[in-house]
Amino acid sequence: MIEYSQTCSVTDPEIWHFVEQEMERQERHIELIASENYVSAAVMNAQGSQLTNKLTEGLPGRRYYGGCDYIDEIERIAIRRAQQVFCEPAGVEMAVNVQPHSGAQANQAVMMGFLENGDSYLGMSLADGGHLSHGMKINFSGRFFNPIPYGLKDDETIDYDEVERLAREHRPKLIIAGASAYSLRMDFKRFADIAHSVGALLMVDMAHYAGLIAAGVYPTPFGHADIVTTTTHKSLRGPRGGLIFARPELEKKMNSGMFPGIQGAPLVHVMCAKAVALGEALRPEFKAYGEQVARNAAAMCDQLQKRGVRIVSGGTESHMMLLDCRSKGMTGKAAETLLSRAHITANKNAIHNDPEKPSIGSGLRFGTPAVTTRGFREEECRMTADFVVDLLEHPDDEAVIERVRNDVDALTARFPVYHR
Ligand SMILES: *Cc1c(COP(=O)(O)O)cnc(C)c1O
């Protein structure tokens, strides 16, 4: 028998101590990592349920183990909600797989399902804002296939002419659009036209933008892409995990790439939490959230620029922006460390033509999904930008660092993440 009251906090103080420390950190720090967010109590509750006990290889109605009736219903609801959030507004029908453990896993499943060893595909270069699962040499995506990178033009916008030229030259099977550090809108129609003109499939990895797309404040890839992958935990504000969408005629290959291709049984408790998060994304409040995320990013970006920080690509049309730290005489790594001393969390990032190696970087990536969830609006985002510039302009001034840390603590205290 398992005693329900014997939770981790009771039985394992050694671990629980650090769980509490982390919960405290999340409350006190201004979270600017563009790929992070805070999930609802409902999402946590679903993910922390007994569903973690269930083994369910296969798909709803076609399982390899018994006892899956209720899980089948949950998985079907997750699939249907994903279609309601993303496909119906675009007027397209797509099959969905809600089983990927993560975004990288979703991309791996697509490669497993649609490519053979050695096949060529185009992906955005990591150095220009792409993701490591789009062709980094030492990633699965680079080791077993032949990724051909495209990047940005001198004006730091996507070089669609280069994409077109490389597509004609290499005749890839697949073109991947999507990025982890690109602040502007993408022209998914242009990507689709290029892909289809050479007989390639277009896969859009909308991991970063999914929440904005659900809210209608970033262009949708649905209607253009043959395959769409995403994470569920970034701007979409669900549990850590992934989703894959494919045109109906590609459903079989998508599903077999996932299982038995690269995964065994799915994380049923996480699938359940994805269903809950997708349910939240269908509500009008989520649209308002996405709109505020974009307004907050614009306000933060504007204030940074007013105070002399150069923003890569000239600004933001999404939830994120890339600061060129050289405009304040710093490297990305030094800036990340400096900000963390004042309880502001962000990550260093490479920028176009970066003279620094990736472990140092000249950029800093900011995003507003997390601060918007805790209630920041434009005013707090402008304040945050001021904190950042005050720090970047006085990296060695302990009094400034302490003053900003106190200001950050006062601000975050006014905007608790979780109410008890
Ligand atoms: C974050 C991200 C992923 C991977 O997500 P994980 O869940 O960390 O594996 C994939 N693609 C893009 C574009 C991302 O930004």
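**Student:** Help me understand the environment of K348 in this model?
**Tutor:** Along the chain, K348 turns up in strand β14 (residues 347-349). Along the chain, K348 and I2 lie 346 residues apart, while their C-alpha atoms are 45 Å from each other. Excluding residues that lie within four positions of it along the chain, K348 makes contacts with G332, K333, E336, P358, S359, I360, G363 and L364.

**Student:** Teacher, can you tell me more about the layout of surface pockets here?
**Tutor:** Where empty space is left can be seen by rolling a probe of water-molecule size over the atoms. Estimates place the volume of the largest pocket at around 1,000 Å³. Of all elements in the fold, only α2 (13-28) and α3 (41-47) reach the threshold of two or more residues within the lining of the largest pocket. Ranked by the residues each element gives to the lining of the largest pocket, the list is headed by α2, at 8 residues. Partitioning the lining of the largest pocket into residue classes produces 12 nonpolar, 14 polar and 10 charged. Space inside the second largest pocket adds up to approximately 510 Å³. Taken together, 26 residues line the second largest pocket, and the ones lying closest to its centre are L126, G130, S180, N347 and N349. At 3 residues, the largest contribution of residues to the lining of the second largest pocket is made by β14. Taken together, the residues of the lining of the second largest pocket break down into 8 nonpolar, 10 polar and 8 charged.

**Student:** Would you explain the site of the ligand in this entry?
**Tutor:** Near the ligand there are 13 residues, and of these G103, A104, S180, D205 and K234 occur at the shortest range. Separating an oxygen atom of the ligand from a side-chain N or O atom of H233 is a distance of 3.5 Å. Separating an oxygen atom of the ligand from a side-chain N or O atom of K234 is a distance of 2.8 Å. In the complex, 85% of the free accessible area of the ligand, which totals 380 Å², lies under the protein chains. The biggest single contributor to the shell around the ligand is helix α5 (residues 103-114), with 3 residues. Partitioned by chemical class, the residues of the shell around the ligand number 3 nonpolar, 8 polar and 2 charged.

Thresholds applied
- Residues numbered from 1 in each chain as written.
- Predicted model: local features only at pLDDT ≥ 70, side-chain atom pairs only at ≥ 80, totals over all residues.
- Heavy atoms only, no water.
- Helix = DSSP H or I, 4+ residues; strand = E, 2+ residues; numbered from the N terminus.
- Contact = heavy atoms within 4.5 Å.
- 1 Å grid on protein atoms, 1.4 Å probe; cavity = no way out; pocket = protein on both sides within 12 Å on 5 of 7 lines; lining within 4 Å.
- Points joined across faces, edges and corners; volume = space filled by probe spheres on them.
- Nonpolar A, V, L, I, M, F, W, Y, C, P; charged D, E, K, R; others polar.
- Near = heavy atom within 4 Å.
- Polar contact = N/O pair within 3.5 Å; in protein donor to acceptor, adjacent residues only side chain to side chain.
- Areas by Shrake-Rupley, 256 points an atom, 1.4 Å probe, with all protein chains shown as cover.

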